[in-house]
Amino acid sequence: MIFPKRHRQDKVDPLLGKPASFGIHRYLQGSANLFEENRLLKFAIVGLFAITAVLGAEIYSSDQNRRTVIVPFGAGGDLYVTGSVPSSDYLRAMTRNVVALAGTYSAYSASQQFQALLGIAHPSAYNAMRDSLNAILDELSGNPTLSIATYIRADQPVTWTPSEITVPVEKVRVIGGTIRKFRGNLRIGYAIENGRFWLTHLIEDKFDVETR
């Protein structure tokens, strides 16, 4: 006698012969396990975000404390910017350069010098500074013999804050054969962004006293 082959076995119901409470227990246990897995997943996601935030803060702090060394050709001293804080030597060097460009000029040199100043003008101050320098160029075009020389006074200290440098200067104005001297302060507004020096304003302050 040949018996037919059995291709598959019938599945046995695991709840067969079990009390009704057994099925409810299995359902609750499965739900509890799923809830526990979801809770662990949430904890993992929160932990990942926390680690990302900590790493981001560390990177930002490291970037702010990174020192950018700036050594122009022929310059000396500790010229550097740490984050957004320049060294004292760097501020002194920039002060001398700005005073030379903005304070000592003639009808023949002013245009080129003022273009150099506009090259470091902050975008927010560019238009106002350009208009102010163009007014000086207009004055020079009508007075070709006019020349200005400005010197940093050695008897007064140069002071600065995180946004402005106050420079005591003596200004010599020559037109024709007439020489006039004035003393006052040149206030140089500045900002340090991404290790770069920006001019924000140039103001002549208290130049109302003439000396001879």
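Residues numbered from 1 in each chain as written. Predicted model: local features only at pLDDT ≥ 70, side-chain atom pairs only at ≥ 80, totals over all residues. Heavy atoms only, no water.

> Any chance you could explain the pairing of strand E5 (residues 147–152) here in plain terms?
Moving residue by residue along a regular strand, the side chains alternate between the two faces of the sheet. Judged from the 2 bridges that link them, strand E4 (residues 105–106) and E5 form a sheet pairing that is antiparallel. Bridged to Tyr105 within E5 is Ile148. One ladder, built from 6 bridges, connects E5 with strand E7 (residues 164–175); its direction is antiparallel. Across the sheet, Ser147 pairs through a bridge with Val174, a residue of E7. (Pairing = 2+ DSSP bridges. Helix = DSSP H or I, 4+ residues; strand = E, 2+ residues; numbered from the N terminus.)

> Would you mind showing me how to read the side chain of Thr150 here?
Looking at where Thr150 falls in the secondary structure, it is placed in strand E5. The exposure class assigned to Thr150 is buried, which follows from its relative accessible area of 11%. Side-chain polar atoms of Thr150 contact the backbone oxygen of Gly103, separated by 2.6 Å. When residues no more than four places from it in sequence are discounted, the contact partners of Thr150 are Val99, Gly103, Thr104, Val169, Glu170 and Lys171. (Buried < 20%, exposed > 50% of the residue type's maximum accessible area, 1.4 Å probe, protein only. Polar contact = N/O pair within 3.5 Å; in protein donor to acceptor, adjacent residues only side chain to side chain. Contact = heavy atoms within 4.5 Å.)

These figures come from the coordinates and say nothing about function on their own.
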